[in-house]
Amino acid sequence: VYAYSVIRGIGSGISTGSGSQLTTRYYGRKSYATVTGISAMLGIPIGAIAPIYVGWLWDITGSYTAAFTQASIIYLLGTAMWFFYNPPKRVAVISDVKKFL
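Being a predicted model, the structure only gives us computed values, none of them experimental.

Enquirer: Just to check I follow, could you spell out the packing of aromatic side chains for this structure?
Expert: A ring pair, where both rings are aromatic, is described by two values, the distance of the centres and the angle of the planes. Applying the stated rule across the entire model yields five aromatic pairs. For the ring pair Tyr4 and Tyr75, a centre distance of 6.5 Å and an interplane angle of 65° mean the geometry is edge-to-face. Residue Tyr4 is found in helix α1 (residues 2-27), and its partner Tyr75 is found in helix α3 (residues 65-82); the two are separated by 71 residues along the sequence. By relative accessible area, Tyr4 is classed as buried at 16%. A centroid spacing of 4.8 Å and a plane angle of 25° characterise the contact between Trp58 and Tyr64, whose relative ring orientation is stacked. For Tyr64, a relative accessible area of 41% translates into the label partly exposed. Three or more aromatic residues joined by ring pairs form one cluster here, namely Tyr4, Trp58, Tyr64, Phe68 and Tyr75.

Enquirer: Whenever I open this one, a nonpolar patch on the surface confuses me. Can you help?
Expert: On the surface, Leu22, Tyr26, Tyr27, Met81, Trp82 and Tyr85 cluster together to form a nonpolar patch covering roughly 620 Å² of accessible area. Going through the elements one at a time, α1 and α3 are the ones with two or more residues in the nonpolar patch. Along the chain, Met81 turns up in helix α3. Met81 sits in the partly exposed class, given a relative accessible area of 45%.

Enquirer: Explain helix α2 (residues 32-61) here, please?
Expert: Structurally, the α-helix is built with 3.6 residues per turn, so residues lying three or four positions apart point the same way. For α2, spanning 30 residues, the distance from its first C-alpha to its last is 41 Å, which sits close to the expected 44 Å at 1.5 Å a residue. At Ile49, α2 shows its maximal kink, close to 30°; a proline, Pro51, follows between one and four residues later. Looking at the residues trailing α2, positive phi occurs at Gly62, about 80°.

Enquirer: It is not clear to me how the packing of α2 against α3 should be interpreted in this structure. Could you clarify?
Expert: The description of two helices packed together rests on the angle between their axes and the distance between the axes. For the pair α2 and α3, the least separation of the axes is 8 Å and the interaxial angle reads 135°. Taken together, the axes of α2 and α3 lie oblique to each other. Of the residues in α3, those touching α2 at Tyr53, Val54 and Leu57 are Ala66, Ala67 and Gln70. Of the residues assigned to the contact of α2 with α3, the class counts are five nonpolar, one polar and no charged.

Enquirer: Would you explain the packing of α1 against α2 in this entry?
Expert: Axis separation between α1 and α2 bottoms out at 9 Å; the angle between their running directions is 125°. Taken together, the axes of α1 and α2 lie oblique to each other. Judged by the sense of rotation from one axis to the other, the crossing of α1 with α2 is right-handed. Between α1, through Ser20, Thr23, Thr24 and Tyr27, and α2, the contact on the second element is made entirely by Tyr32, Val35 and Thr36. Split by residue class, the contact of α1 with α2 holds three nonpolar, four polar and no charged.

Here is what the cut-offs are and how they apply
- Residues numbered from 1 in each chain as written.
- Predicted model: local features only at pLDDT ≥ 70, side-chain atom pairs only at ≥ 80, totals over all residues.
- Heavy atoms only, no water.
- Phe/Tyr/Trp six-rings, centres within 6.5 Å; stacked < 30°, edge-to-face > 60°.
- Helix = DSSP H or I, 4+ residues; strand = E, 2+ residues; numbered from the N terminus.
- Buried < 20%, exposed > 50% of the residue type's maximum accessible area, 1.4 Å probe, protein only.
- Patch = residues over 30% accessible without salt bridge, like charges linked within 9 Å, V, L, I, M, F, W, Y side chains within 5 Å.
- Areas by Shrake-Rupley, 256 points an atom, 1.4 Å probe, with all protein chains shown as cover.
- Salt bridge = Lys/Arg side-chain N within 4 Å of Asp/Glu carboxyl O.
- Expected span 1.5 Å × (residues − 1).
- Bend = angle between axes of the 7 residues up to and from the residue.
- Axes fitted to C-alpha atoms, helices over the stretch in contact; angles between N-to-C directions.
- Parallel < 35°, antiparallel > 145°, perpendicular 65-115°, else oblique.
- Contact = heavy atoms within 4.5 Å.
- Nonpolar A, V, L, I, M, F, W, Y, C, P; charged D, E, K, R; others polar.
- Left-handed = near helix turned anticlockwise from the far one by under 90°.

Have a look at this one:
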């Protein structure tokens, strides 16, 4: 539980503070709403189903260990994926910004 809480806290803090900035930086201002909307379309149903799934795991196993372990693995995989992202290409001059919009 403690390891999960630390990983979850760090991940939530980072994503809350820098999520919109990173989305804008990687995909551009014009794509921000689209990317955020798609993320919400995936995240909201998962967030709604997760408590039911965790409750079901509790009913079957009598413990939250499996749920915390699975969530920790998912968060660690997501964190590891960040290391494989290519940084966005920077524009050479301000007039080149229109190419990326």
